[in-house]
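Examination of the molecular architecture
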Amino acid sequence: MPALPDPILALTAALGKLPGIGPRSAERLALFLVQSNVTFVRDLAQVLVAARERIKTCSICGALTEQDPCAICSDPRRDSSVICVVEHPVDILTFEKAGVYHGLYHVLGGKISPLNGIEPEDLRIAELESRLAKSPVQEIVLALSTDVEGDATSYYLAKRLAPTKVSRLASGLPAGSGLEFTDEVTLNHALEGRRNVI
Ligand code: ZN
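Here the structure is a predicted model, which means the values were calculated and not measured.

**Some details on the packing of helix H5 (residues 125-134) against helix H6 (residues 148-161)**
- Viewed as axis vectors pointing N to C, H5 and H6 meet at an angle of 35 degrees, and their least axial separation amounts to 12 Å. Crossing geometry of H5 relative to H6 is assigned as right-handed. From H5, Ile 125, Ala 126, Leu 128, Glu 129 and Leu 132 reach across to H6, where they touch Tyr 156, Leu 157, Arg 160 and Leu 161.
- Here the residues of the contact of H5 with H6 sort into seven nonpolar, no polar and two charged.

Here's what the structure looks like:
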């Protein structure tokens, strides 16, 4: 069987770098795109570039935003006495959709995972400390996943951020998964039943 033309191979290779897209899916998408309406492909390319250029990371909390600071950090009605620490920007959306939390956020960027080479300095912990130094809070609520790494990260943060009170969402979040898969009722219960880490 003759090889596919180079532009299709190049497109397949590029698409294959996307998360969750294996080689077969990448090839299927590439073949779909090169047979699509040129206007559709051009619009898709423009939307891609525009989204990437317009979205940045909030310099305070780490959320994805068009304006810096983000809408939450610059909203005076938010409760600035509490910061909810999450692993990923998408976790903020989960809380906001549920409407059960009215404080501020801080995106950690993951969790401590020595096996995967993720050390505390790879996360946005120093940024959190400088936030606390500038404007102290009454409580830090950790909303990390309920697996071994989430547990270890919570304990580490509670020790490092002392004497600031550090609590953690009550159990009830699905083990081993992030907040992305949590429904609103579960999230509300987890928030109301939060406990001090240490
Ligand atoms: Zn922000």
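**Brief notes about the sheet that holds strand S7 (residues 195-196)**
- Read from one edge to the other, the open sheet built from five strands follows the order S4-S3-S5-S6-S7, with strand pairing classed as mixed. One side of each edge strand has no neighbouring strand; the edge strands of this open sheet are strand S4 (103-107) and S7.
- With four bridges connecting them, strand S5 (residues 139-143) and strand S6 (residues 165-168) associate as parallel partners. If you follow Ile 140 over to S6, its bridge partner there is Val 166.
- On the sheet, helix H4 (residues 89-98) packs against strand S3 (79-86), S4 and S5 and is oriented at approximately 155 degrees with respect to S4.
- Packing of H6 onto the sheet brings it into contact with S5 and S6, and relative to S6 it is tilted by some 165 degrees.

**Considerations on the coordination of the zinc ion**
- For the zinc ion, the full set of protein donor atoms is Cys 58 (SG), Cys 61 (SG), Cys 70 (SG) and Cys 73 (SG), at a range of 2.3 Å.
- Taken together, the four donor atoms coordinating the zinc ion span angles of 106 to 115 degrees at the metal, a pattern that classifies the geometry as tetrahedral.
- Donor residues binding the zinc ion come from one chain and are separated in sequence as C-x2-C-x8-C-x2-C. On the criterion of sequence distance, the pair formed by Cys 61 in the loop between strand S1 (56-57) and strand S2 (64-65) and Cys 73 in the loop between S2 and S3 is long-range, its members being twelve residues apart.

Rules of the game
- Residues numbered from 1 in each chain as written.
- Predicted model: local features only at pLDDT ≥ 70, side-chain atom pairs only at ≥ 80, totals over all residues.
- Heavy atoms only, no water.
- Axes fitted to C-alpha atoms, helices over the stretch in contact; angles between N-to-C directions.
- Helix = DSSP H or I, 4+ residues; strand = E, 2+ residues; numbered from the N terminus.
- Left-handed = near helix turned anticlockwise from the far one by under 90°.
- Contact = heavy atoms within 4.5 Å.
- Nonpolar A, V, L, I, M, F, W, Y, C, P; charged D, E, K, R; others polar.
- Pairing = 2+ DSSP bridges.
- Donors = N, O, S within 2.8 Å, 3.2 Å for Na, K, Ca; no water.
- Tetrahedral: all angles 85-135°; square planar, octahedral: opposite > 155°, others 65-115°.

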